[in-house]
Amino acid sequence: MIFFFTFFVAIYGSVHVYAFFRTRSALGLGAEGGFALALFMFAMTLAPVLIRAVERYGFEFAARLLAYLAYFWMALLFFSFGSSLLFDVLGLATRLIGWIASLDVSPWLIRARTAFFISVILSLSISVYGYFEARNIRTERLVIETAKLPVGTDRVTIAQLSDVHLGLINRSERLASMLAAVKTSKPDILVVTGDLVDAQINHLTGLAEMFREISPLYGKYAIMGNHEYYAGTEKALEFMKDAGFTLLRNEAALSGPITLVGVDDRTGVQLHLRKAVAEETLFAGLKHDRFTILLKHQPSIEQASLGLFDLQLSGHTHKGQMFPFTWLTRLSFPLNAGRYDLAKGSVLYVNRGAGTWGPPIRFLAPPEVTVIEVIRK
């Protein structure tokens, strides 16, 4: 956790330093203006920590205002950083071509001030669009045919929620739209594949009651994601149980004609809160003639588990949440979003997530509720 915090502050601080010099140069700020800008950017670099502290001491309204300001700023900063960097690369390439070809390329160069304002306008436009995209829940459908459903059961409908991140920003309004999509699908089973709550969960009044309105035929199940550990295991478990979920923590459950196997996120092992468990041991003793679903927050595959489950449901990646971060998440998780047919007949589906982490913004990675139809051949 300390390593992640140090790494985040170093990267985020470096982006602020780059943005500071670009902004000061483009606007021609003097000493006083430069100091004010530096102070603001320093505060924004540490804002995620300040939000946590303010919220922990009970100042929920102030924490929420600071969260919206800081996380919108985070999105604006990264979008403008990306476009500014692109202008820098184009300018460097143009100068290099001019030097090689002995040409005067000055008429082709975009002035630094012009590039700055284009970047600002572009990042503002993308952020506004991304705010509304993050509120537009998509229903993605996955159909799996199997011979493992018993006679008389032709179809089982499973709704998957992942990465809701209930906390300071994702509240009742956003949850209501997610649950409306779930209710429309009329699921036999509802599963949450981790990160139902965010790191700030002191005040989630009324949200558990919204989940209790949904009573699928074969029940509701949830597993631990990394943010459940960040939020505090006891608080997260209490909320999920209060919402009516059966927690699967490295264990299996029979849900009607479906077998569900749920594993804790590996963050628990990394934080020395749980012991590592080999997935294949969880399948020992299970009947292999039943359709089996593995619920696992992060979309990683244990080769020994292939063929022991029919479908793995995961999340975690958000598909990068804000393009071009999709490229970065693919470095860690090549199986990034959507359906993947694996070896030995197993299938993986990676949910893009219904909520947001950090900025309440999505760009080219819309939120989703997944509806899985398991159909008897």
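The preceding data block contains the structure.
Let us look at the structure shown here. The numbering scheme is per chain: residues are counted from 1 as the chain's sequence reads. Local features in a predicted model are, by the rule used here, given only for residues with pLDDT of at least 70; side-chain atom pairs are given and counted only at 80 or more, and totals for whole chains, interfaces and linings are based on all residues. For side-chain calculations, the full set of non-hydrogen atoms in the structure is used, while hydrogens and water are omitted.

## Some words on the overall build of the protein chain
How we decide: Runs of H or I in DSSP of at least four residues are treated as helices and runs of E of at least two as strands, each being numbered from the N terminus. With a 1.4 Å probe rolled over the protein chains alone, any residue whose accessible area is under 20% of its type maximum counts as buried; one over 50% counts as exposed, and the rest are partly exposed. Pairs of residues are marked as contacts when any of their non-hydrogen atoms sit within 4.5 Å.
The number of helices and strands found in the protein chain is 11 helices and 12 strands. Each principal axis of the C-alpha atoms in the protein chain carries an extent, and together these give about 75 × 55 × 40 Å. Looking at the protein chain as a whole, 52% of its 377 residues qualify as buried. Contacts in the protein chain between residues far apart in sequence, at least 24 positions, make up 75% of those at least 6 positions apart.

## Some remarks on the pairing of strand β7 (residues 258-262)
The condition that has to hold: Pairing between strands is defined by DSSP: at least two bridges between them are needed.
Of all five residues that make up β7, five are buried, and the element is covered over most of its length. Side chains Ile-258, Leu-260 and Gly-262 project from β7 onto one buried face, and the interleaved Thr-259 and Val-261 project onto a second face that is buried too. Pairing between strand β6 (residues 251-255) and β7: five bridges, direction antiparallel. Bridging across to β7, Glu-251 finds its partner in Gly-262. From the end of β6 to the start of β7, which pair antiparallel, there are two residues, and Gly-256 there has a positive phi angle of about 60°. Here β7 pairs with strand β8 (residues 291-295) via five bridges, running parallel.

## With respect to the sheet that holds β6
Defined as follows: Each axis is a line fitted through C-alpha atoms, and for a helix only the stretch in contact is used; angles between axes span 0 to 180 degrees, taken between their N-to-C directions.
Overall, mixed pairing links the six strands, which are arranged β6-β7-β8-β9-β11-β10 in an open sheet. Each edge of the sheet is formed by a strand with only one pairing partner; in this case those strands are β6 and β10 (338-341). Adjacent strand axes in the sheet meet at a mean angle of 20°, parallel and antiparallel pairs treated alike.

## Focus on a nonpolar patch on the surface
Short version of the rule: A patch is a set of surface residues, each over 30% in relative accessible area and not in a salt bridge, joined within 9 Å for like charges and within 5 Å for the nonpolar side chains Val, Leu, Ile, Met, Phe, Trp and Tyr. Per-residue accessibility takes into account occlusion by the displayed protein chains alone, with areas from the Shrake-Rupley method and a 1.4 Å probe. The term salt bridge refers to a pairing of a side-chain nitrogen on Lys or Arg with a carboxyl oxygen on Asp or Glu at a separation within 4 Å.
Together, Leu-96, Trp-99 and Ile-100 give the surface a local cluster of nonpolar side chains, amounting to about 410 Å² of exposed area. Checked against the element boundaries, Ile-100 lands in helix α3 (residues 60-101). Residue Ile-100 is classed as exposed on the basis of its relative accessible area of 59%.

## What about the sheet that holds strand β12 (residues 368-376)?
The six strands lie next to each other as β1-β12-β2-β3-β4-β5, forming an open sheet whose pairing is mixed. Strand pairing shows two members of the sheet lacking a second neighbour, β1 (138-146) and β5 (246-247), which therefore form its edges. Two strands pair when backbone bridges link them, and β1 and β12 are joined in this way by nine bridges, in the parallel orientation. Residue Arg-138 lies in a different strand from β12, and its bridge partner there is Glu-368.

## Overview of the pattern of salt bridges
In the structure shown here, the tally under the stated rule is 16 salt bridges. As a salt-bridge pair, Arg-52 and Glu-55 come within 4.0 Å of each other at their nearest N and O atoms. Highlighted residues: Arg-52 and Glu-55, both in helix α2 (residues 31-56), separated by three residues, approximately one helical turn. Arg-52 gets classed as partly exposed once you look at its relative accessible area, which sits at 22%. Between Glu-60 and Arg-171 there is a salt bridge, with its nearest N and O atoms 3.3 Å apart. In this pair, Glu-60 is assigned in helix α3 and Arg-171 in the loop between β2 (155-161) and α5 (172-185), connecting sequence segments 111 residues apart. Here Glu-60 matches Arg-171 in class, with each residue buried. Within this structure, Glu-60, Arg-64 and Arg-171 form a network of salt bridges that share partners.

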